[in-house]
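Coordinate inspection notes
So the chains spell out like this:
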Amino acid sequence: MPRHVAIIMDGNGRWAKERGYPRLMGHRAGAESVREVVRLAGEWGIEALTLYAFSTENWSRSAAEVRGLMTLLAHTLRREAKELNKNGVQLRTIGRAEALPAFVRKELKQTRDLLSNNRGVVLTLALNYGGRQEIVDAVQSALHAGEPVTEETISRHLQTAPLPDPDLMIRTSGEFRLSNFLLWQAAYTEIHVTSTNWPDFRREQFLSALLDYQRRERRFGRA
Ligand code: FPP
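Turning to the overall build of the protein, a few remarks are in order. In terms of helices and strands, the protein carries seven helices and six strands. For the protein, the succession of helices and strands along the chain, N to C, is β-α-α-β-α-β-α-β-α-α-β-β-α. At 17 Å, the protein has a C-alpha radius of gyration in line with the 17 Å of a compact globule built from 223 residues. Here the protein holds 223 residues, and the buried ones make up 48% of them. Once local pairs closer than 6 in sequence are excluded, the contacts in the protein between residues at least 24 apart make up 77%. Working note: accessible area of the protein is about 11,600 Å², and carbon and sulfur atoms make up 51% of it. Considering the protein, the positive charge centre built from 32 side chains and the negative charge centre built from 26 side chains are found 5 Å apart.

Packing of helix α2 (residues 23-44) against helix α3 (residues 63-86) brings their axes to within 10 Å, and their N-to-C directions diverge by 30°. Between α2 and α3, the angle falls in the class roughly parallel. The handedness of the crossing between α2 and α3 is right-handed. Between α2 and α3, the contacting residues are Arg23, Leu24, His27, Arg28, Ala31, Glu32, Arg35 and Val38 on the first element and Glu65, Gly68, Leu69, Leu72, Thr76, Arg79, Glu80 and Leu84 on the second.

In the vicinity of the ligand there are 19 residues, among which Met9, Gly13, Arg14, Arg23 and Arg61 approach most closely. Within the contact set of the ligand, an oxygen atom lies 3.0 Å away from a side-chain nitrogen or oxygen of Asp10. For the ligand, an oxygen atom lies 3.0 Å from a polar atom in the backbone of Gly13. Starting from 620 Å² of accessible surface for the ligand in isolation, the protein chains cover 91%. The pocket occupied by the ligand, as judged from atoms lying within 2 Å of grid points, is the largest pocket. Counting residues per element, the ones that place at least two in the shell around the ligand are α1 (12-18), α2 and α3. Of the residues assigned to the shell around the ligand, the class counts are eight nonpolar, seven polar and four charged.

Scanning all chains against the criterion turns up nine aromatic pairs. An angle of 70° between the planes, with centres 4.8 Å apart, marks the rings of Phe54 and Trp59 as edge-to-face. Among the residues examined, Phe54 registers a relative accessible area of 2% and is labelled buried. Ring centres of Trp198 and Phe201 lie 5.2 Å apart, and the angle between their planes is 20°; this geometry places the pair in the stacked category. Taken together, Trp44, Trp198, Phe201 and Phe206 form an aromatic cluster joined through their ring pairs.

Next up on the list: the nonpolar core. Core analysis: the biggest nonpolar cluster contains 37 residues, and Ile7, Leu49, Leu125 and Phe206 have the highest contact counts within it. Sorting the residues of this core by element identifies β1 (4-8), α2, β2 (48-55), α3, α4 (102-114), β4 (122-129), β5 (168-171) and α7 (203-215) as the ones contributing at least two each. What Ile7 contacts, discounting residues up to four positions off in sequence, is Val37, Leu49, Thr50, Leu51, Tyr52, Ile170, Phe181 and Trp198. Counting 10 residues, the second largest nonpolar core, distinct from the first, contains Ala6, Ile8, Tyr52 and Ile94.

Parameters and conventions
- Residues numbered from 1 in each chain as written.
- Predicted model: local features only at pLDDT ≥ 70, side-chain atom pairs only at ≥ 80, totals over all residues.
- Heavy atoms only, no water.
- Helix = DSSP H or I, 4+ residues; strand = E, 2+ residues; numbered from the N terminus.
- Rg over C-alpha atoms; globule rule 2.2 N^0.38 Å.
- Buried < 20%, exposed > 50% of the residue type's maximum accessible area, 1.4 Å probe, protein only.
- Contact = heavy atoms within 4.5 Å.
- Areas by Shrake-Rupley, 256 points an atom, 1.4 Å probe, with all protein chains shown as cover.
- Lys, Arg positive; Asp, Glu negative; His and termini not counted.
- Charge placed at Lys NZ, Arg CZ, Asp CG, Glu CD.
- Axes fitted to C-alpha atoms, helices over the stretch in contact; angles between N-to-C directions.
- Parallel < 35°, antiparallel > 145°, perpendicular 65-115°, else oblique.
- Left-handed = near helix turned anticlockwise from the far one by under 90°.
- Near = heavy atom within 4 Å.
- Polar contact = N/O pair within 3.5 Å; in protein donor to acceptor, adjacent residues only side chain to side chain.
- 1 Å grid on protein atoms, 1.4 Å probe; cavity = no way out; pocket = protein on both sides within 12 Å on 5 of 7 lines; lining within 4 Å.
- Sits in = over half its atoms within 2 Å of the grid points.
- Nonpolar A, V, L, I, M, F, W, Y, C, P; charged D, E, K, R; others polar.
- Phe/Tyr/Trp six-rings, centres within 6.5 Å; stacked < 30°, edge-to-face > 60°.
- Core = buried A, V, L, I, M, F, W, Y, C linked by side-chain atoms within 4.5 Å.

Here is the structure:
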């Protein structure tokens, strides 16, 4: 089993469009996939799950969509907090959370606090996250601490620092791109791309991704 799985959740808009629904309906259905994947990760013994929920580029979407996504995030956290707690999930965020609307920051803090004594799956939400920006921030933070800039110090100053690098990265809806997600951490990560849109990514698709991972021979650059 991979210890750490990262997911680029893509295709919510296309899922909605195919059905003649507004885009936000796709995000809502996508939130159900998040729920299922977090629950399964716990059942299957995956230690960490990192989800790309909002990139630094996503601010350029319409104001209504950005607002809708933020509201959905806050509502989902509130609705799921109890269940997450029951399942021992821990919550972290990466990205510049200070730029998120106050109502989202408040909900994140409340949920994080509620889950703070848990020891189960570490769920990390990447919010207002950009991989290049994270590396720049890590280098600056190392310099500020008077440390030399090395691979070890950069890794230690990244926001993902307590977590192992992802073993598996899943991208839905068929695009073969990293889209500025976990650029440093993904150096040796196995990548699984599926044509399934995120709202249709449930148990069966998660299992296929894990089976695909198990077939890979991981060499970490060695012969
Ligand atoms: C990509 O689909 C998806 C997003 C930008 C947002 C992901 C957000 C959620 C799944 C909502 C809830 C999140 C949590 C953590 C509860 P897209 O809009 O880029 O789809 P498209 O490429 O088909 O247009």
